Structure formats: C-alpha cells, structure tokens
Amino acid sequence: MSIVNYEVIGDIGVIRLNNPPVNALSNGVREGIWGVIKNAQNDASKVLILLCDGDTFIAGADITEFSKPPQPPALSEVIAEIENSNKPVIAAIHGTALGGGFEVALACHYRCALASAKVGLPEVKLGLLPGAGGTQRVPRLAGVTSALELITNGTPVTAIKAAEMNLIDQVINDDLLNGALSFARELIDHNAPLRRVRDISIDTTSIPKGIFDDFRKRLEIEAHSQLAPQHIVSCVEAATLLPFDEGLTKELDLFIECLLSDQSAALRHLFFAERKAKKIQGLPKDTSTREINSVGIIGGGTMGGGIAMSFANANIPVKLLEINQPSIEKAIKAVENNYNLSVQKGKLTVEQKIHCLSLIKGITDYSELAEVDLVIEAVFENMELKQEIFSELDQNCKPGTILSTNTSFQDIDQIAAATNRPQDVIGLHFFSPANVMKLLEVVRGSKSSYQVIATAMQLAKTIKKIPVLAGNCYGFIGNRMLLPYAREAQLCLIEGATPDQIDTAMQSWGMAMGPMAVADLAGLDVGYKARQGMSKAQKGDPKTFCIADALVEMGRLGQKSGTGYYRYDPDTRKRKNDPEVLEIIEAQAKAQGVVRRPIPNDEIVNRLIFAMINEGAKILEDGIAQRPSDIDVVYVYGYGFPAHRGGPMHYADSIGLAKVYDSLCALRNQHGEENWTPAPLLVRLALEGRTFTNWANDQS
Ligand code: 3HC
Ligand code: NAI
C-alpha cells in the first residue's frame, strides 16, 4: 500500500490517502495527489472521490515540515491541480478535515462528510493563517461573517453545522465510501457541473458595515498582540476587495510572515510539547494500565467539587466524601451552581446537567469507597490530616485502588508512608477551577509504580486534561517555579511598585492575570498558612512577605473577604485600587528600612520572568521535569503564561540563554547572591551557546 492509491470503480475514480497517523500533507502525499489527479484526467472515470484511510481525513499540512526547506510541489500547486481538474472531484470526509486538509476539500468541486466528522481551519492556534486558499474560499461559500468567526477562533465545526454554513454539500450517516459513491453517481446522472469555489463572487452589499474593523478591535482585546488573527481579517477582507488570484497572493505573503514569526514558532513548539509531555521516559514497554471506572474524592471544597465535575463530565461516577451531611450539601450545591452557570451560558443542556449531577454522590463513610478504582484526596493542605486520610483509605479500599493527593506542596512520599501500598500512591495536582483548567500535574513518588504512573497519564485524556509528569519536591514543577515569581512580585511591591502597576505590567507582557490579582483570587490566607509552617530560614528575608502577612492579619484575604491587594465590588467582583493598601506597603517598607523608588515596568517583567526561568533550570537539573518543554506546558496550561511566547523555557531559548545569563548576573549585582545565583545548567548552556531544547535533545 503506498501513501496515495488510486482505483477506478465502474466510472468513478477513488483516490485513497494512507499517511498515518493523521494523513498530514507531507511531501509524499502532495506529490501523490498531484500525480494521481493529473493521470486521472484522461482515464475512463467521470468523477473522482478523494478519501482517507485510518482515523481521519487530512488533518492539515505536516507541521514538522514548517521548519525545513520547502519541497515541491507546494500545497497551492496541488490544490490548483484539483480545482482545475476537468472532471468533478468530491472530498469524502471522516474524522477531522483541518487546516490544509480542509483547504484541499474546499478546492474539490463537491464535499460530503460523515455526520460524526468535523471540519475547520485551526491554523490560528499555531500562530498561522490558512495558507492554501482557506481565507479566500470560505467567505465565498459561507459569507464573510461566518468566515471571520471560523478562521479567527480556529475551532472546528461539526459536519452538520458545516452543511448549514454551505461548506459541506452532503452529510452521510452510514458508510462513507458507499455514501460518496452514491453522491458521485447522482452527480454523473445529473451531469453536474464543475463547481469551482474560486468562481463564486462575494455579494459585497450584504457584508455588515464596519465588520472588519469590529473584528480587528475585538481581536486586539481577545488575542492581545498576536499577529495571525489580525492578518486573517486582512485576508478575508482581501477576498472581498481583490480578484481571487490576487487574494491568494496576499494570503500567501501574510502566511509566510506568520510562519517566520516568533509567535508561530512558539505555538508550534507548544503543539509538539503538549504531545511529548504525555510520554513517560523509561517506561517499560510491557507496562499495562488499570481501568478507572469509578472515583472517590475526599473533600468537596474548591478543588474537590471541580475535580468531581471533571469526572462526571467524562461519565465516570464519583463518590464525594465530606466530614458531615451539611458539608456534603454545601459541596453538591456549589457543583450544581457551577453546572447551572454552564447551562445559562449554553455550554450544557439541562439534561446533561441532570445526568452529571446524578453521577456525583455525597458520602461520609470510608467503607463506601471500598470498590472505587481511584481516590483523589483534596482536603486542607495539612500533612497530619492527609496522612490520617491515607491510612483510612489503605484500610478501606480494595487492593489496586490508586490513592492520589491533590496537594499543592506536600511530600508525596510522606503521604504514601501512611499506607502499606506506597506503589499505588501518586500526586494528581489539578488547577483551579479544576473543571476548567486543562493542566494535570502527575507527581510521582519515589515508590509510585510505572503502572500507576501510566494509568494516571492515560486518565488525563479521559477527563480532557493535559498531563505533565513531575518529580516529588516542594511545589513540584509549577508551584516551585511560582515561588521565586511571587517573591519578586513582593519585592517589587515593597521596593516601590503598586499592585496595579505589577499586574498591568505582567498582563501587558501577556500573562492572563497579574500575580497580585491571582493571589487575591486564590486567597491570601493560603500562602500565609504555608509560611506559618516554615522555619525562619525557609521564609527567607522578612521583607519578602511582610506585606502579604500584614494584609492577612488585617483580615484582607483577597476576593473571598472583599479586600486583599485590591478592594472588590461585592456585586460585580470588579477590582479597585485601594489607598489603604498603599499605606500598608509604605508602612512595611519603612519598618523594613526600604527606601521606595520608582520601578520601571520592564524591571518588573524581567525580575519575575527571569526568576522563574532560573528556577526552571534548577528543576531540570534536579530531574523534577522530564524535559524543558514539559515546564512550558505546565506554565501555559496551568498558570496563564502567554502561549504565543511558548512557555518560560522556550521563551528563554528564543531570546538566547546568554542574554538570560547576563540579565541574571545584572540582577545579582543589583540585589545580591541570595536570590540571584544563576542555575549551573543555565550558566553552562549559556557559555556553550546552546539552548534548553538542544540540551534536552542530547539527553533523549
Ligand atoms: N503535522 C504533523 N504531525 C501531526 C499533525 C500535523 N498536522 N497533526 C498531528 N500530528 C501528529 C502528532 O504530533 C502526534 O504525533 P505523536 O504520536 O508522535 O505524538 C500524532 O500526529 C497524533 O496526534 P494527536 O496526538 O494530536 O492525535 P489526536 O487523535 O488526539 O488528534 C488531531 C488528532 C485532531 C488531528 C490533532 O492531531 C490536531 O489537531 N492536529 C493538528 C491540526 C492542525 O493544526 N492542522 C493545521 C496545520 S497548519 C496548516 O494546515 C497550514 C495550511 O493552511 C497551509
Ligand atoms: P478547601 O478549603 O476549599 O476545601 C477543603 C475541603 O475539605 C472542605 O470542604 C472541608 O470540609 C473538607 N475536609 C476537611 N477535612 C476533611 C476530612 N477529614 N474528610 C473529608 N473532608 C474534609 O480547599 P481547596 O482549596 O479545595 O484545597 C484542597 C487541596 O487542594 C489542598 O491540598 C490544596 O493545597 C490543593 N490545591 C488547591 C488549589 C486551589 O487553588 N485552591 C489548587 C491546587 C491544589
């Protein structure tokens, strides 16, 4: 079987692609389609069908080829060959027709798809725009507004929706080949014309006035400082202003600009990072996984409730254990309120809500957990309490139940030591809100078995999370790196900045939220309690957290108490700067002998981000993360790091480790050794002119 195969069935020519895993348009596929279409022009077939073997229709250009020199034929040439065919070509779609794959389908004269299929142009998620005619053909078929929506948000639509949008001609409910053959026969019987999308003219009078500017403004806010979304608007606009071929030229120029941008490099890096993160280094090939068909959760607070929803959403029944009946009711009520919000937003039907709620059962007795396959503990962050619970679980759960903890910082081995089955104990660190955030940090204890680790990593897919494997240390990957980031935010505050200045500087740089607003959201008491358990040496310089401590001691716990670094409107939860906070900061600075000074925004950004990168390098050296790209996945999916900067380690590579090292040295000269000793790995790589990425490649 070759990559592109051709057979004539009666008077219909069937072109089959076979390029696993996703039938990407690699060089061989492009060559194959191009050759087959050319040869088929003179054979006995009257109509051609293009379809794919395997799980999916063409899922797009081969992303790995974007960083290599281009090989002929270009996708645009293949597409022109299809569109110029002297006999109709039908795309027969199953799975997903994405990016270049959907552009191939759009160049076909007709499109049919299984009802279960999806189509879309997700290039924007890679910092790109459709570069093979998508921006010119979709508005011709679906209209300008739908084209702008589809291409700027990048989310695929179902075949049924696509048919409503005029992007699919026929939806097939059973066998794709048979359905496509009948469709072809109909076309032959009706002597159907060669319908070329390029020949459709857009009715410019029907375009809503000001739509392009409206989209530009909207995307400036939603996709802050990103190139591709703005260029997509320009391309769709060009489709309404220019002849087709000139529109294509404009699209190609802007595609190339995006392809060469740092933003696209970062987003493509993340695409592969996310997939690599699932792979467990050193996993014996014969490792089996355990089935997880039922789950117990201990603690139905902020995290427990959200975790329960993640499982119920995946149709897995949950037993939620709380201390007493009122606490159960409170927990279930909170979950119900969350589901109600989803129904209000149209993300869930009432029936789906009722079904999910029926899967969550509140309990108070450990004996009810005897048969569950997995338990996730999410009670207060207290080692003694967690150990008591794990001992209870050990006594009550069947052999083979995986016992996990959602702890943010505690030692997994110490928790596992409270059981007689440390091989079955693991950390499953979800992020708040747990039903929304995509990251799942899987924390391996020193005795966690490979089977348990592999099961946890696989489970993530079932509950639609992105897993990253971390080693056991204080804070694992994410929170360990957050500590120096938070430290620098506190130091900038006492040295002269305001909460609003810090948050605005970090948000303008691209962080989803600034550190002070995040602290208010999480609750200032969380860090406070953690610091109470620390020795003087662990706490470090008293000026670091004196402001945070003072706020908590005044009852300012963040959003939950209505005041923290900001004051919150009780109805809208909107934040306002609070002059009282400035007084507290100034008083603390005075008490600590700090003379406040104006701090430039770029100093804030550099201190926070470089402190984080330096800790990331230490994490790599300590073997806590398997690879630098895993750290990037943690930060983008768990901490709101801007995806178009690729994550902290990719960002460091992109600006050059020598520059990072120089900046760390400058910060050390300014602020001292204690916080700013460059990580030895970073020093070594900077001096050798290397990157974290090529260091990681050498390790694997
Ligand atoms: N190019 C190269 N490799 C690809 C690929 C692509 N377009 N899409 C997927 N892969 C690889 C993945 O890296 C992975 O490799 P691995 O097994 O070595 O880790 C393997 O295929 C399977 O992928 P997933 O794990 O993602 O499989 P799923 O079944 O979960 O998802 C999918 C399948 C929905 C097709 C998903 O892979 C996907 O969204 N792919 C990318 C689609 C896309 O962005 N297309 C646009 C590309 S840009 C373009 O076409 C430009 C054009 O306009 C010119
Ligand atoms: P929370 O205070 O909102 O909820 C804790 C729940 O545990 C409460 O409902 C309480 O009644 C219940 N509980 C206490 N003792 C119990 C016991 N013996 N048996 C059964 N239930 C008991 O706490 P939150 O924020 O949900 O945190 C839980 C865990 O998750 C902690 O370890 C925390 O570090 C971790 N975590 C928290 C995150 C956050 O953003 N809040 C993020 C990631 C992890």
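Reading guide: rules and limits
- Residues numbered from 1 in each chain as written.
- Chains lettered and ligands numbered in written order.
- Predicted model: local features only at pLDDT ≥ 70, side-chain atom pairs only at ≥ 80, totals over all residues.
- Heavy atoms only, no water.
- Helix = DSSP H or I, 4+ residues; strand = E, 2+ residues; numbered from the N terminus.
- Rg over C-alpha atoms; globule rule 2.2 N^0.38 Å.
- Buried < 20%, exposed > 50% of the residue type's maximum accessible area, 1.4 Å probe, protein only.
- Contact = heavy atoms within 4.5 Å.
- Areas by Shrake-Rupley, 256 points an atom, 1.4 Å probe, with all protein chains shown as cover.
- Lys, Arg positive; Asp, Glu negative; His and termini not counted.
- Charge placed at Lys NZ, Arg CZ, Asp CG, Glu CD.
- Near = heavy atom within 4 Å.
- Polar contact = N/O pair within 3.5 Å; in protein donor to acceptor, adjacent residues only side chain to side chain.
- Arc of directions from axis to C-beta.
- Axes fitted to C-alpha atoms, helices over the stretch in contact; angles between N-to-C directions.
- Parallel < 35°, antiparallel > 145°, perpendicular 65-115°, else oblique.
- Pairing = 2+ DSSP bridges.
- Right-handed = clockwise from strand over helix to strand, strands pointing away.
- Domains from an automatic or database assignment.
- Patch = residues over 30% accessible without salt bridge, like charges linked within 9 Å, V, L, I, M, F, W, Y side chains within 5 Å.
- Salt bridge = Lys/Arg side-chain N within 4 Å of Asp/Glu carboxyl O.
- Phe/Tyr/Trp six-rings, centres within 6.5 Å; stacked < 30°, edge-to-face > 60°.
- Lys NZ or Arg CZ within 6 Å of the ring centre and 35° of its normal.
- Core = buried A, V, L, I, M, F, W, Y, C linked by side-chain atoms within 4.5 Å.

When its secondary structure is counted, the protein shows 31 helices and 19 strands. Taking 700 residues into account, the globule formula puts the C-alpha radius of gyration at 27 Å, and the protein, at 28 Å, falls close to it. Sorting the 700 residues of the protein into buried and exposed places 54% on the buried side. Long-range contacts, defined as pairs at least 24 residues apart, comprise 73% of the intrachain contacts of the protein with a sequence gap of at least 6. Carbon and sulfur atoms make up 52% of the accessible area of the protein, which totals about 30300 Å². The positive charge centre, built from 69 side chains, and the negative charge centre, built from 82, are 1 Å apart in the protein.

The environment of ligand 2 is made up of 22 residues, and the closest members are M303, E322, E381, K386 and S408. Backbone polar atom of T302 to an oxygen atom of ligand 2: 2.9 Å apart, as the coordinates give it. At 2.8 Å from an oxygen atom of ligand 2 is found a side-chain nitrogen or oxygen belonging to K386. Bound to the protein, ligand 2 loses 78% of the 830 Å² it would expose on its own. When contributions to the shell around ligand 2 are tallied by element, the ones reaching two or more residues are helix 12 (302-313), helix 15 (383-396) and strand 15 (425-430). Of all the elements, helix 15 adds the most residues to the shell around ligand 2, at three residues.

Take helix 30 (residues 680-688) next. Buried within helix 30 are the following residues: L681, L682, L685 and A686. One side of helix 30 holds all its buried residues, which, seen down the axis, span an arc of 125°. Those residues of helix 30 that are exposed and aimed more than 90 degrees away from the buried face are P680 and L687. Just downstream of helix 30, G689 is the residue with a positive phi angle, here 70°.

Before going further, it helps to examine the packing of helix 18 (residues 478-495) against helix 26 (residues 628-638). It is the contact of helix 18 with helix 26, at a shortest axis distance of 10 Å, that shows an interaxial angle of 70°. Taken together, the axes of helix 18 and helix 26 are roughly perpendicular relative to one another. Residues G478, M481 and L482 of helix 18 lie in contact with helix 26, whose contacting residues are I631, V634 and Y635.

Attention shifts here to the pairing of strand 3 (residues 47-52). With respect to burial, strand 3 is a largely interior element, six of its six residues being buried. What you see with strand 3 is no split at all: V47, I49 and L51 on one side and L48, L50 and C52 on the other are buried throughout. Of the strand pairs in this sheet, strand 2 (residues 12-17) and strand 3 are connected by six bridges, and their pairing is parallel. The partner of I15 across the bridge, within strand 3, is L50. Of the crossover connections in this fold, the one passing from strand 2 over helix 1 (residues 27-40) to the parallel strand 3 is right-handed.

Turning next to unusual backbone geometry. Backbone torsion omega between P20 and P21 reads 5°, so that peptide bond is classified as cis. Following the sequence through the fold, P21 ends up in the loop between strand 2 and helix 1. Positive phi, normally seen in glycine, also occurs at N191, with a value near 50°. If you trace the backbone, N191 turns up in the loop between helix 7 (176-189) and helix 8 (211-222).

Our next topic: the domain arrangement of the protein. The figure often quoted for interface size is the accessible area lost as the parts come together. According to the domain assignment, the protein contains domain 1 (4-259), domain 2 (295-470) and domain 3 (478-601). Distance from the C-alpha centre of domain 2 to the C-alpha centre of domain 3: 30 Å.

We now examine the environment of D214. Structurally, D214 can be placed in helix 8. Accessibility expressed as a relative area gives 45% for D214, which makes it partly exposed. For the pair formed by D214 and N173, sequence separation is 41 residues and the distance between their alpha carbons is 39 Å.

Right, let's get into a positive patch on the surface. A surface patch of like charges, here positive, comprises R275, K276, K278, K279 and K461. Considering the arrangement of structural elements, one finds K276 in helix 11 (residues 262-276). With relative accessibility at 37%, the residue K276 sits in the partly exposed group.

Turning our eyes to something else, we now look at the pairing of strand 4 (residues 89-93). Among the five residues that make up strand 4, five are buried, leaving the element largely enclosed by the rest of the structure. In strand 4, alternate side chains face the same way, and those of V89, A91 and I93 on one face and I90 and A92 on the other are all buried. The pairing of strand 3 with strand 4 spans three bridges and is classified as parallel. Within strand 4, the residue paired with I49 across the bridge is I90. Viewed along the sheet, the connection from strand 3 through helix 2 (residues 75-83) into strand 4 turns out right-handed.

For the rest of this paragraph, the subject is the packing of aromatic side chains. As enumerated under the stated definition, the model contains nine aromatic pairs in all. Centroid distance Y566 to Y568: 6.4 Å. Interplanar angle 80°. Geometry classified as edge-to-face. Overall, the relative accessible area of 0% leaves Y566 in the buried class. Among the aromatic side chains, those forming a connected cluster through ring pairs are F431, Y635 and Y639. A cation over an aromatic ring shows up here: R218 above the ring of F215, its NZ or CZ 4.6 Å from the ring centre. The ring of W676 carries the charged tip of R487 above its face, separated from the ring centre by 5.6 Å.

Moving on, we get to the nonpolar core. Soluble globular proteins: nonpolar side chains tend toward being buried together. Formed by 101 residues in total, the largest nonpolar core has its most connected members in I477 and F692. Broken down by element, the residue count for this core peaks at 11 residues, all from helix 25 (residues 601-621). Two domains each provide a minimum of three residues to this core, namely domain 2 (295-470) and domain 3 (478-601). Setting aside anything within four residues of it in sequence, one finds F692 in contact with I613, A617, L620, P628, M649, A652, D653, L657, L681, L682 and L685. Core analysis: the next-biggest nonpolar cluster, separate from the first, contains 69 residues, C52, A105, A132 and V144 among them.

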